[in-house]
Amino acid sequence: MNRGQVRIVTLKIDGKDVGARENETILEVARENGFDIPTLCHMEGLSDIGACRLCLVEVKGSNKLLTACVTTVQEGMEVTTHSPRLDSYRRMTVEMLFSERNHVCAVCVSNGHCDLQNLAVDVGLTHITVPYLYPKVSIDASHERFVLDHNRCVLCTRCVRVCDEIEGAHTWDLMGRGVKTRVITDLAEAWGDSESCTSCGKCVQVCPTGALFEKGKSVAEMTKRRTFLPYLTSMRNGDE
Amino acid sequence: MATNPRQSAVDPPSDDKRWRIVQAAMRRNGFRRDALIETLHAVQESFGYLDEESLRYVARSLRAPMSHVYGVSTFYHFFSLKPAGEHTCVVCTGTACYIKGAPGLLDAVGKEFHIGDGETTEDGKVSLLTARCLGSCGLAPAAVFDGQVAGKVNREAVVERLHAWQNGPAAVKASPESSPESEGSAVYA
Amino acid sequence: MREKLAEIKAIEEDAKAQYTHTVNVCTAAGCLSSGAAQVKEALGKEVERSGLERWCQVKGVGCLGLCTAGPLVEVESQSAMYGHVTVEDTPAIVGGLNTKPVERLRVPTGTPFFLRQNRIVLENSGRIDPERIEEYIAAGGYSGLVTALTEMTPAQVIDEVTASGLRGRGGGGYPTGLKWTTVAKAPGPDKYVICNADEGDPGAFMDRSVLESDPHRVIEGMILAGYAVGASQGYVYVRAEYPLAIEHLKKAISQARRMGLLGRSVAETTFGFNIDIRLGAGAFVCGEETALIASIEGKRGQPRPRPPYPAEYGLWGKPTLINNVESFANIPPIIRNGGEWYASLGTEKSKGTKVFALAGAITNTGIIEVPMGTSLQEIVYEIGGGVPGGGRCKAVQTGGPSGGCIPDAYLDNPVDYDSLRSLGSIMGSGGMIVMDDSSCMVDVAKYFMEFCMTESCGKCVPCRVGTVQMYRLLDKISTGRATLEDLALLENLCDMVQNTSLCGLGQTAPNPVVSTLRYFRDEYIAHIEEKRCPAGVCKIHSSVAQTDSPSYAVAEVAQ
């Protein structure tokens with residue numbers, strides 16, 4: 001990262017004046033200053049894609065909501081991170097995610113350690129008003145150490161990105177489109193038969209839900225270790 | 001944009017001459033990964049569909065991750081991972097065709113031949129496909145029978161045409177090859 | 001180069017003057033599918049049989065516009081247009097060349113359909129052979145390019161485009177001059193020009209018609225754009241579903257190359273420009289700029305958040321100019337005649353003309369071009385000839401899956417970007433579908449939602465799941481199983497998906513629902529409360545049971 005000529009800008013977040021480097025995103029600046037913006041597809045150390053739409057914020061002068069994870073700050077910006085409108089949209093977005101697959105927390109390995117579950121709490125979601133879509137999806141337990149359960153997948157693509165950007169294997173990708181999108185390994189083959197997978201397990205650790213977990217874990221036993229990611233990223237950046 | 005001008009080292013899966021067309025398409029684009037869609041078009045044009053073997057070959061030749069190749073192949077409606085039947089009937093489902101009766105056409109084919117969009121009759125003779133819009137809105141509802149656009153078609157005409165195909169003199173061609181999975185990988189351990 | 005063009009023009013005119021008769025056969029896709037190729041062949045044979053080949057030439061031309069009467073044949077010397085021509089009719093047509101036109105086949109050309117149009121983009125459509133660059137040159141083609149390259153600076157070219165007031169014809173209506181300026185100002189030696197020919201709106205076939213009928217106009221527009229913004233490589237991203245357009249485009253590019261109008265030195269100047277074709281593969285979302293770029297890069301056609309806009313960070317991260325076919329097709333006449341001339345047409349904020357594809361319950365289906373500001377009334381009832389059989393036009397759908405339905409009562413409004421928006425629809429790329437009383441507005445909304453649902457790329461949550469939920473609610477309404485709470489939920493979802501989706505597809509996906517709810521709410525209510533479809537389209541379940549809207553508890557939201 002170029003630390004040479006970075007200007008400092010000042011902006012307002014929720015009415016408070018903050019300073020920031022001009023190449024920082026709204027999300028980074030907000031979090032540095034203790035403002036909470038919910039996220040799901042974002043993961044520090046991986047590229048940002050702006051897909052989950054939970055980090056949308058209001059910016060004065062823009063008639064559209066902006067994605068905090070990919071929008072860089074500008075001098076004089078006035079950002080609102082929470083409003084009744086934003087809160088309602090976020091609640092509905094999380095609701096959409098719950099209705100999309102079969103999220104039955106009570107029997108999930110990640111119960112209690114799940115990013116999606118935590119989001120529901122954060123946005124105050126207690127009931128789902130839209131019908132569940134109940135898709136028939138499969139579980140791939142062909143890998144000797146890990147399991148992929150499509151029932152819990154939220155298509156955040158953290159696994160795809162960590163595998164491509166950090167491990168360099170690009171075993172994961174997405175197939176299909178729309179609501180029929182699925183994460184796949186290689187040519188949508190059984191994970192255990194994958195030629196490119198190095199079995200490093202990074203995908204499992206970054207997965208926000210119980211979609212990727214270690215074999216042998218029972219209900220509520222799967223906790224994820226993610227300390228490696230900021231560490232690996234900072235090491236690599238230090239090299240440059 | 002990695003360019004590997006000399007990289008043509010990957011041998012095609014067989015000595016089928018059609019692979020040369022695919023190779024030519026890749027060479028024309030310097031075996032760059034961004035030519036993936038062009039290459040898949042070449043494969044589909046030559047072989048009628050994309051099978052696992054060809055996807056593997058394309059991935060190796062372009063040095064692209066296999067999951068990426070599979071992801072692109074399944075993202076676009078135009079690519080088919082299953083062999084089509086001997087004859088294809090494409091029903092346009094654009095807006096003009098829709099309000100002028102395209103759903104009735106699909107319904108008629110479904111009732112008579114028990115196939116839906118993207119499916120092929122059990123004897124491998126007839127495939128039914130839909131198109132988003134053929135741009136022949138002036139002729140709505142439109143359908144394409146083996147590449148020939150027909151306008152202002154009705155249920156009876158479609159059914160009759162398909163029956164003619166099924167009962168035609170063409171020799172029975174075995175085509176139920178292994179079709180790639182469409183729903184993730186269903187492996188239970 | 002100017003001399004070379006003049007010479008070609010002279011040769012073409014001489015050649016044409018040798019013939020007493022020119023018989024033009026429309027060989028664009030619409031007429032082809034009703035047998036135009038066979039008609040053309042038969043006409044040629046008939047001319048030969050009658051020994052007229054020295055006096056009469058039979059020529060394939062682009063779209064003549066009135067697709068409903070295809071195959072169309074025009075005899076220039078007799079100012080006669082013939083419709084629904086069959087192979088059997090050809091002896092009569094050729095026989096009548098030296099006597100009288102064949103009245104029984106004639107399509108009246110003194111009608112508003114022909115008289116009320118103002119053809120700029122379509123000036124050559126139906127007049128020239130799209131497969132011969134010489135005819136385009138003879139019609140004044142590439143002269144604007146030569147003038148620009150030899151007498152104008154890139155900034156002056158942009159000034160003309162800005163002065164013309166041209167706005168993006170792909171639907172967004174962003175000022176073209178402004179877009180060009182941004183790309184021109186972006187730093188760096190590598191820039192790209194992309195022509196978006198991924199016409200994905202169902203019911204729209206303007207771009208296809210332009211590419212099939214006059215491909216050189218688009219190429220000239222792209223070269224001018226390349227010169228203006230400082231790009232040396234262009235791409236046309238065209239739907240694979242348009243084989244004829246692709247064929248004509250390929251031919252046109254190689255002709256332009258051979259003529260020295262594309263390549264390292266365009267028209268003998270130091271400016272170099274090349275164009276390559278990239279085929280789409282059937283994804284509506286690729287009409288969105290960033291998704292289109294991903295597709296050209298060989299990836300899944302998924303959009304990314306903007307900013308940064310492609311003008312700064314586009315194809316392979318370089319500044320990229322993206323305009324659609326019709327926008328580029330407007331550029332050559334703007335450079336030839338000046339921006340001021342163009343700006344004298346149209347309305348205050350929407351300049352020039354617009355091409356529309358008329359389809360649906362309308363007498364004259366086909367392609368038309370009218371000045372901006374023409375009323376919908378005039379388009380539908382006069383130019384379009386109204387609903388067949390004199391029925392009532394219930395609504396006009398513009399803008400495809402991103403647009404809305406404008407009811408009959410509002411048809412006196414002018415067609416321009418802003419008034420269509422205020423009516424809850426959008427200009428879109430130019431598809432105009434007329435619906436009569438046999439169309440159910442709930443069913444139409446459901447049709448478009450089904451479209452958006454299957455075309456959603458799946459990247460962002462609101463569009464991926466929201467469109468499915470909205471579709472299911474519309475299905476529930478159309479089958480008479482919905483409650484008023486369902487309708488309220490539908491409206492909430494519309495608002496959320498509009499405001500939170502990543503790209504234009506999701507942001508506009510609710511428009512057909514919102515606009516039909518605005519003007520035809522009574523039809524929704526009839527489905528919900530009376531369990532009846534006023535248009536008789538929807539199949540209402542016979543045993544409709546009142547069901548409560550379901551409410552599921554999030555299973556143990558643990559702390």
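As the structure is a computational prediction, the values presented were derived from the model and not from experiment. (Residues numbered from 1 in each chain as written. Chains lettered and ligands numbered in written order. Predicted model: local features only at pLDDT ≥ 70, side-chain atom pairs only at ≥ 80, totals over all residues. Heavy atoms only, no water.)

A.B. asks: Help me understand the interface of chain B and chain A, please; the structure alone is not making it clear to me.
C.D. replies: Taken together, the 23 residues of chain B in the interface contact 25 residues of chain A. Where chain B abuts chain A, roughly 2,000 Å² becomes buried across the two surfaces, and 55% of that area is made up of carbon and sulfur atoms. In this structure, the connection of chain B to chain A is made through 3 salt bridges. Between B:Arg60 and A:Glu195 there is a salt bridge whose closest N-O contact spans 3.2 Å. Here chain B is connected to chain A by 8 residue pairs in polar contact (both at pLDDT 80 or more). Mapped by element, the contributors of at least two residues to the side of chain B that touches chain A are helix 3 (52-61) and helix 4 (66-75) of chain B. Take the side of chain B that touches chain A: its biggest share by element is 7 residues, from helix 4 of chain B. Each residue belonging to the side of chain B that touches chain A can be placed in one class, and the counts come to 10 nonpolar, 8 polar and 5 charged. (Contact = heavy atoms within 4.5 Å. Buried area = accessible area lost by both parts, 1.4 Å probe. Salt bridge = Lys/Arg side-chain N within 4 Å of Asp/Glu carboxyl O. Polar contact = N/O pair within 3.5 Å; in protein donor to acceptor, adjacent residues only side chain to side chain. Helix = DSSP H or I, 4+ residues; strand = E, 2+ residues; numbered from the N terminus. Nonpolar A, V, L, I, M, F, W, Y, C, P; charged D, E, K, R; others polar.)

A.B. asks: Would you mind going over the domain arrangement of chain C with me for this structure?
C.D. replies: Interface size, as often reported, equals the accessible area lost upon joining of the parts. Residues and elements named next belong to chain C. Its domain assignment divides chain C into domain 1 (17-109), domain 2 (140-343), domain 3 (353-436) and domain 4 (441-529). Relative placement of domain 1 and domain 2: their C-alpha centres are 34 Å apart. Both faces considered, domain 1 and domain 2 share a buried interface measuring about 420 Å² in area, 62% of it formed by carbon and sulfur atoms. Counting across the domain 1 and domain 2 interface gives 0 salt bridges. Summed over the shared surface of domain 1 and domain 2, the number is 2 residue pairs in polar contact (both at pLDDT 80 or more). Tallied by class, residues from the side of domain 1 that touches domain 2 come to 5 nonpolar, 3 polar and no charged. (Domains from an automatic or database assignment.)

A.B. asks: How should the interface of chain A and chain C be read in this particular structure?
C.D. replies: Tallying the contact residues gives 45 residues for chain A and 40 residues for chain C. Summed over both sides, the interface of chain A with chain C buries roughly 3,700 Å², with 60% coming from carbon and sulfur. Interface area lost by chain A to chain C is led by A:Tyr89, A:Met96 and A:Arg177, which between them contribute 17%. Where chain A packs against chain C, one counts 2 salt bridges. Counting across the interface, chain A meets chain C through 19 residue pairs in polar contact (both at pLDDT 80 or more). Elements represented by at least two residues in the side of chain A that touches chain C include exactly helix 2 (84-100), helix 3 (115-122), strand 6 (127-128) and strand 9 (172-175) of chain A. For the side of chain A that touches chain C, the element with the most residues is helix 2 of chain A, which contributes 9 residues.

A.B. asks: Can you help me understand the sheet that holds strand 12 (residues 404-407) of chain C in this one?
C.D. replies: Residues and elements named next belong to chain C. Read across the sheet, 5 strands follow the order 10-9-13-11-12 without closing on themselves; strand pairing throughout is mixed. Strands at the two margins of the open sheet, each flanked by one partner only, are strand 10 (366-371) and strand 12. Geometrically, the sheet is characterised by an average inter-axis angle of 30 degrees between neighbouring strands, direction not taken into account. Packed onto the sheet, helix 22 (residues 511-529) meets strand 11 (393-398) and strand 12 and runs at close to 60 degrees relative to strand 12. (Pairing = 2+ DSSP bridges. Axes fitted to C-alpha atoms, helices over the stretch in contact; angles between N-to-C directions.)

A.B. asks: Please clarify how the nonpolar core should be interpreted in this entry.
C.D. replies: Generally speaking, a soluble globular protein has its nonpolar side chains buried in company with each other. Core analysis: the largest hydrophobic core is formed by 166 residues, its most contacted members being C:Tyr142, C:Trp180 and C:Phe273. The element that contributes the greatest number of residues to this core is helix 11 (residues 215-229) of chain C, accounting for 9 residues. Discounting chain neighbours no more than four positions away, the residues touching C:Trp180 are C:Val157, C:Ile158, C:Val161, C:Gly221, C:Leu224, C:Ala225, C:Ala228, C:Val229, C:Leu321, C:Asn323, C:Phe328 and C:Ile331. Counting 54 residues, the second-largest nonpolar core is a separate cluster that includes A:Ala51, A:Cys105, A:Leu119 and C:Leu490. (Core = buried A, V, L, I, M, F, W, Y, C linked by side-chain atoms within 4.5 Å. Buried < 20%, exposed > 50% of the residue type's maximum accessible area, 1.4 Å probe, protein only.)

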